[in-house]
Amino acid sequence: QVQLVESGGGLVQAGGSLRLSCVASGSIFSTMGWYRQAPGKQRELVASISHYSTNYADSSKGRFTISRDNAKNTVYLQMNSLKPDDTAVYYCNAVTRWGISSWGQGTQVTVSS
């Protein structure tokens, strides 16, 4: 019943910006976040947000901002100063208050040089 719908991915030049959105439904979520997976690499945390704090990967600090609109049940990832190394499929993740984790289908982000 949990569904995560992502949007905002696309092709952008290095130095550009993208804003990812993820609309969650079907439960109450304690933590939401963004992960990414590049070809041949392991899926890694980009940023996450709970009711009390935010958490960023070192590669995201200073460039990315995660935010949450509880009324809309939506989490956003504002990505600035994008680099080619940011190219990956970005997945939305949400954890219910009972600890159940769900994933979106992913949205492709491609950064050209």
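Look up a bit, the structure's there.
Residues numbered from 1 in each chain as written. Predicted model: local features only at pLDDT ≥ 70, side-chain atom pairs only at ≥ 80, totals over all residues. Heavy atoms only, no water.

> Whenever I open this one, the overall build of the protein confuses me. Can you help?
When helices and strands are counted, the protein shows 0 helices and 11 strands. Reading the secondary structure of the protein in the N-to-C direction produces β-β-β-β-β-β-β-β-β-β-β. Among the 113 residues that make up the protein, the fraction classed as buried is 39%. Here the contacts in the protein between residues at least 6 apart in sequence split such that 53% fall between residues at least 24 apart. In the form shown here, the protein has an accessible surface area of approximately 6200 Å², with 47% of it arising from carbon and sulfur atoms. Side chains of the protein carry 10 positive and 6 negative charges; the gap between the two charge centres is 4 Å. (Helix = DSSP H or I, 4+ residues; strand = E, 2+ residues; numbered from the N terminus. Buried < 20%, exposed > 50% of the residue type's maximum accessible area, 1.4 Å probe, protein only. Contact = heavy atoms within 4.5 Å. Areas by Shrake-Rupley, 256 points an atom, 1.4 Å probe, with all protein chains shown as cover. Lys, Arg positive; Asp, Glu negative; His and termini not counted. Charge placed at Lys NZ, Arg CZ, Asp CG, Glu CD.)

> Help me understand the pairing of strand β3 (residues 18–25), please; the structure alone is not making it clear to me.
Every regular strand shows the same layout, with side chains that alternate between the two sheet faces. Where strand β1 (residues 3–7) meets β3, 5 bridges bridge the pair, whose relative direction is antiparallel. For S7, the partnering residue across the bridge sits in β3 and is S21. Sheet analysis places β3 next to strand β8 (residues 74–79), joined by 6 bridges and oriented antiparallel. Residue L18 lies in a different strand from β8, and its bridge partner there is M79. (Pairing = 2+ DSSP bridges.)

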